[in-house]
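Below are the chains, spelled out letter by letter.
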Amino acid sequence: MRIHGWYKRAAALGLLILLAGCASLKPQTDAGKLVPPPGQGYAVLAFTLNSLQPDTGDANLVFSGAGIGGNLYASENTDYIRAPGKVPDDKGRLTFAALPPGDYTITHVYGYWGMPDTLGQAGMRNVISLPRQDRFSIRAGEVVYLGDFHLNMNFQPDVVLSNQQARDFNHMQVMWGVSDFSNVQVQLLNPGSK
């Protein structure tokens with residue numbers, strides 16, 4: 001009976017985590033404006049990727065600062081960023097994090113993809129790991145667009161930082177319901193020494 005109760009609590013906790021994850025897919029807005037929680041700011045970052053096997057590629061980006069750490073996730077198979085007009089959508093995720101004021105650093109990015117074996121089944125999982133030193137700052141009440149962090153997963157993996165404001169603001173409008181961008185500051189990631 002004790003085991004049954006433990007499973008019940010674990011299932012309830014899992015459901016709460018799932019619901020919290022779903023709730024965090026879209027930031028808070030008010031009258032069409034992004035509104036961070038009190039005492040925090042929003043960091044908005046496009047995390048795009050491509051791999052040798054698009055059906056299996058995914059990645060994690062690790063950041064730390066202001067006494068906390070976190071990570072952002074993107075999947076090449078299931079995530080997309082809605083591009084304007086007839087431009088094809090990009091693979092990845094427009095992410096955001098509600099953070100306390102401070103200076104932050106993206107410290108690492110990990111990429112994963114599977115290569116099929118000779119029978120076409122899922123084979124070995126390839127892993128890449130790139131240390132980073134990309135910096136950004138957040139102030140309370142601020143919304144900062146950091147640009148695009150694009151991970152190329154191939155035999156010579158690398159990261160390309162760029163400004164994809166037109167695409168990403170379109171995604172915010174279409175998918176997040178943002179119609180007023182007056183409080184969004186463009187502060188592209190500052191690459192540190194590698």
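Residues numbered from 1 in each chain as written. Predicted model: local features only at pLDDT ≥ 70, side-chain atom pairs only at ≥ 80, totals over all residues. Heavy atoms only, no water.

A look at a nonpolar patch on the surface
And then number 1: Together, Tyr80, Val174 and Met175 give the surface a local cluster of nonpolar side chains, amounting to about 240 Å² of exposed area.
And then number 2: Relative to the elements of secondary structure, valine 174 occurs in helix α2 (residues 165-176). (Patch = residues over 30% accessible without salt bridge, like charges linked within 9 Å, V, L, I, M, F, W, Y side chains within 5 Å. Areas by Shrake-Rupley, 256 points an atom, 1.4 Å probe, with all protein chains shown as cover. Salt bridge = Lys/Arg side-chain N within 4 Å of Asp/Glu carboxyl O. Helix = DSSP H or I, 4+ residues; strand = E, 2+ residues; numbered from the N terminus.)

Brief notes about the environment of glycine 102
And then number 1: Relative to the elements of secondary structure, glycine 102 occurs in strand β8 (residues 102-116).
And then number 2: Distance from glycine 102 to glycine 65, taken between C-alpha atoms, is 6.8 Å for residues 37 residues apart in sequence.
And then number 3: The contact partners of glycine 102, leaving out residues within four places of it in the chain, are Ala66, Phe136, Ser137 and Ile138. (Contact = heavy atoms within 4.5 Å.)

Quick word on the environment of methionine 124
And then number 1: Mapped onto the fold, methionine 124 is located in strand β9 (residues 122-138).
And then number 2: Distance in space between the C-alpha atoms of methionine 124 and tryptophan 113 is 8.6 Å, their sequence separation being 11 residues.
And then number 3: Residues in contact with methionine 124, not counting those within four places in the same chain, are Trp113, Gly114 and Met115.

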